[in-house]
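Topology and contacts: notes
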Amino acid sequence: MLEVDALSAGYGHVSVLHRISLRVAAGQSVCLIGANGAGKTTLLRCLAGLLRPSSGRILVEGNDIAGRSASARLDFGVTLVPEGRRVFAPMSVRENLEMGAFRRLWPRRDRRVEADMDAVFDMFPRLRERLNQPAGLLSGGEQQMLAIGRALMSRPRLLLLDEPSMGLAPRVVQDIFAIIRRLNQQGISILLAEQNANMALQSAAWGYVIAEGEIVREAESTSLAHDPIVRTAYLGL
Amino acid sequence: MVLARAKSDSLSSPPVEAVSRPQLRSPGRTAAILSDHRLLLIVWLTMLVVPFAAPNAYFVSLANMMLINLILIASLNLLMGYGGQISLGHAGFYGLGAYVSGVLGVKFGLGAWIGLPAAALLTGLAALLIGIPALRLRGLYLSMATLGWNAILVVMFNRLIDLTGGPNGLLGVRPFAFGRFALDTDARQFPLLWLVSLLVMLAILNLLRSGTGRALRAVATNELGADAVGIDSFRTKLLVFVLSAGMAGIAGSLYVHVNQFASPETFSVSNSILLVVMVAIGGSGLYWGPLFGALIFTAVPPLLLEYEDAELMLFGFAMLVVLIASPTGIAGLPAILRRWLASRRS
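Now for a look at the structure at hand. Since we're looking at a predicted model, the values are computed, not measured.

A word on the overall build of chain A. Counting its secondary structure elements, chain A contains eleven helices and ten strands. In terms of C-alpha radius of gyration, chain A reaches 17 Å, essentially the compact-globule figure of 18 Å for 237 residues. Per-residue burial over chain A gives 51% buried out of 237 residues. When contacts within chain A are restricted to residue pairs at least 6 apart in sequence, long-range pairs at least 24 apart make up 65% of them.

Written out as structure tokens, the structure reads:
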């Protein structure tokens with residue numbers, strides 16, 4: 001599904017990512033764990049097209065999309081659920097979901113959007129209850145659900161999730177991760193960046209550890225969870 | 001479709017029977033379109049009585065200025081209220097439109113009907129060139145950049161004396177005319193201003209209802225979120241900056257041919273600031289806000305003519321009062337009253 005090859009990127013003269021390589025197989029769930037400032041968000045922003053990498057390749061189903069715009073990435077089935085949710089606070093829940101299907105509603109309207117919205121409501125019944133409420137009035141967990149729902153409205157094949165557990169109560173984090181697992185079971189490939197290494201390793205099949213802009217370890221999640229260095233540095237054990 | 005298979009099981013809370021299944025309305029909200037469009041038509045049809053009911057020509061000339069100011073404030077509201085980009089250069093674009101149209105007439109002998117589209121196009125083009133670097137700046141920095149642009153324009157209006165007439169102003173501008181029938185009285189000018197302002201208000205309404213309008217609202221609230229759903233936020237901002245400036249250019253052209261005169265101080269930075277104030281007092285990001293803003297902007301200065309020095313101070317005071325009582329401006333008052341009544345009833 002996704003193949004990242006020697007990707008480097010940064011902001012202005014500050015380089016953040018140094019020759020990152022990673023893979024997400026079709027239908028696979030992969031997590032990327034690392035401390036604050038390790039480069040997780042920067043990597044996902046490169047993959048979503050919000051930041052132009054300075055070098056390297058990003059292959060999605062064999063197509064190099066490194067030079068493509070953010071909106072073109074959606075056509076390749078790559079959608080980002082950004083860090084901090086980034087819902088449109090004054091817009092209603094419905095309008096937020098419509099924004100997720102923006103390119104399928106304007107200028108010409110794709111009739112299947114309604115069915116997709118129904119499917120999102122079936123997955124997140126709470127959102128249906130709050131249909132006409134401004135997104136800014138939702139709880140943190142509901143906003144995260146809305147951010148995921150909005151991303152689903154673009155019919156992704158690869159979902160990039162940036163820190164979905166951020167600022168949420170443990171119970172809600174469990175719910176969110178259950179959803180992510182279910183999406184993966186439905187066939188959506190997942191790349192999940194998380195500081196909450198424990199939850200991330202439990203839900204993903206494969207894990208990468210990123211530190212100071214470099215991949216320092218990769219393994220099956222179960223074996224990463226038993227890696228002594230990972231245990232002390234990221235799991236706090 | 002992957003999502004469709006998820007229908008059977010749901011998470012986090014049991015389905016609520018009482019909640020009706022959402023029927024996705026068309027994204028433009030058909031019901032709302034009709035009411036705002038209808039209201040627009042009603043208000044403009046009502047305005048047609050002005051030339052007949054007005055007690056004197058002076059009143060009609062105020063109505064004319066109000067319509068020009070409306071175009072100016074509504075176009076700034078599009079950029080600032082809906083797009084979240086505060087420009088302190090709007091009076092500069094207004095002036096650019098006025099001088100382009102006026103100079104084309106006075107120095108090159110071109111008629112006002114050519115000046116009007118030329119003003120819109122050249123002002124839009126200037127906004128494109130300025131916007132490409134300036135819109136990379138956010139918040140206050142954008143305001144400062146546009147303020148600088150306005151200051152540069154005022155210097156040019158003052159110094160390019162051969163073209164603009166300098167501080168003495170541009171004299172001898174001819175009015176709009178149909179052959180030998182010149183629109184040289186207030187009552188003759190009114191229908192033209194009525195029509196152009198209606199078209200501008202209609203264009204803004206339709207733009208807001210379009211995908212671009214929705215994208216603009218998304219960009220104003222959350223640029224990163226907008227980018228994540230595939231909206232090019234920079235392009236969206238640039239498009240609206242250009243459109244907004246083009247409309248200011250139209251207002252400028254109307255102004256110069258109606259008054260048959262233009263001078264630099266009308267287009268000063270302090271007037272740009274006043275325009276921002278009028279957007280806020282009327283109701284920033286509310287469609288009907290600029291109508292109130294334009295009424296105040298036009299009606300208050302003649303009333304305060306005797307206290308010329310205090311004008312800005314009184315405007316400032318009025319802004320404080322309005323914005324504390326109704327942070328969403330005058331057009332936001334009904335919603336506030338409704339909420340207040342609802343809370344009293346419960």
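Having put the structure on the table, let's press on.
This part takes up the overall build of chain B. Scanning chain B for helices and strands turns up 15 helices and two strands. Its C-alpha atoms give chain B a radius of gyration of 22 Å, near enough to 20 Å, the size a compact globule of 346 residues would have. The C-alpha extent of chain B, read off along each of the three principal axes, is 75 × 45 × 40 Å. Residue burial in chain B is summarised as follows: out of 346 residues, 46% are buried. Here the analysis covers contacts within chain B between residues at least 6 apart in sequence; of these, 76% occur between residues at least 24 apart.

This part covers the sheet that holds strand β1 (residues 2-11) of chain A. Residue and element names in this part refer to chain A. One open sheet accounts for four strands, arranged β2-β1-β4-β5; its pairing is antiparallel. Two strands bound the open sheet, and with one partner strand each, they are β2 (14-24) and β5 (63-64). Summarising the sheet, strand β4 (residues 55-60) and β5 pair through two bridges and their orientation is antiparallel. Directly across from V60, in β5, lies its bridge partner N63. Each of β1, β2 and β4 is contacted by helix α1 (residues 40-48), which is oriented at about 70° to β2, the strand it contacts most.

Attention now moves to the environment of A:V60. All names here are of chain A. Within the secondary structure layout, V60 lies in strand β4. A residue is classified by how many C-beta atoms lie within 10 Å of it, and V60, with 22 of them, is buried. For the pair V60 and L2, spaced 58 residues apart in the sequence, the C-alpha separation amounts to 4.7 Å. If we skip the residues at most four places from it in the chain, V60 touches M1, L2, I65, F76, V78 and L158.

Let us look at helix α3 (residues 57-82) of chain B. Residues and elements named next belong to chain B. Helix length check: α3, at 26 residues, gives a terminal C-alpha distance of 36 Å against a target of 38 Å (1.5 Å per residue), a fit within 8%. Along α3, the largest kink reaches about 25° and is centred on L76. Of all the 26 residues making up α3, 21 are buried; the element is thus mostly covered by neighbouring parts of the structure. Positioned one or two residues after α3, G84 has a phi angle of 70°, which is positive.

Right, let's talk about the pairing of strand β9 (residues 206-211) of chain A for a bit. Residue and element names in this part refer to chain A. Taken across its six residues, β9 has five buried, putting it largely inside the fold. With four bridges connecting them, strand β3 (residues 29-33) and β9 associate as parallel partners. Across the sheet, residue V30 finds its bridge partner in β9, namely W206. Note that β9 and strand β10 (residues 214-220) share six bridges and pair antiparallel. Within the sheet, the bridge partner assigned to G207 lies in β10 and is A219.

Residues and elements named next belong to chain A. One open sheet holds the six strands; their spatial order is β6-β7-β8-β3-β9-β10, and the pairing between them is mixed. Because the sheet does not close on itself, it has two edges, and the strands there are β6 (78-81) and β10. This sheet shows a mean twist of 15° between the axes of neighbouring strands, independent of strand direction. Those strands touched by helix α8 (residues 170-185) are β3, β7 (158-162) and β8 (189-194), and its axis lies near 155° from that of β8.

Moving on, we come to the packing of helix α4 (residues 90-106) of chain B against helix α11 (residues 233-259) of chain B. Residues and elements named next belong to chain B. It is the contact of α4 with α11, at a shortest axis distance of 7 Å, that shows an interaxial angle of 50°. One finds that α4 runs oblique with respect to α11. Handedness of the α4/α11 crossing: right-handed. Between α4 and α11, the contacting residues are H90, F93, Y94, G95, L96, G97, A98, S101 and G102 on the first element and A245, A248, G249, I250, A251, G252, S253, Y255, V256 and H257 on the second. Across the contact of α4 with α11, the residue classes break down as ten nonpolar, nine polar and no charged.

A separate point is the nonpolar core. If you look at the biggest cluster of nonpolar residues, it comprises 174 residues, and the most contacted ones within it are A:V120, A:L160, A:I190, A:L192, B:I71, B:I73 and B:A251. In terms of residues, this core owes the most to one element, α3(B), which gives 16 residues. Apart from residues no more than four positions distant in its own chain, A:I190 is found in contact with A:S29, A:V30, A:L159, A:L161, A:I180, A:L183, A:N184 and A:A204.

This part is about the pairing of β6(A). All names here are of chain A. Alternating residues of β6 divide into V78 and L80 and T79 and V81, and every residue in both groups is buried. Where β6 lies against β7, four bridges are found, and the strand directions are parallel. Paired with L80 across the strands is L160, a residue of β7.

Reading the values: the criteria
- Residues numbered from 1 in each chain as written.
- Chains lettered and ligands numbered in written order.
- Predicted model: local features only at pLDDT ≥ 70, side-chain atom pairs only at ≥ 80, totals over all residues.
- Helix = DSSP H or I, 4+ residues; strand = E, 2+ residues; numbered from the N terminus.
- Rg over C-alpha atoms; globule rule 2.2 N^0.38 Å.
- Buried ≥ 20, exposed ≤ 12 C-beta atoms within 10 Å, placed from the backbone.
- Contact = placed C-beta atoms within 7 Å.
- Pairing = 2+ DSSP bridges.
- Axes fitted to C-alpha atoms, helices over the stretch in contact; angles between N-to-C directions.
- Expected span 1.5 Å × (residues − 1).
- Bend = angle between axes of the 7 residues up to and from the residue.
- Parallel < 35°, antiparallel > 145°, perpendicular 65-115°, else oblique.
- Left-handed = near helix turned anticlockwise from the far one by under 90°.
- Nonpolar A, V, L, I, M, F, W, Y, C, P; charged D, E, K, R; others polar.
- Core = buried A, V, L, I, M, F, W, Y, C linked by C-beta atoms within 7 Å.

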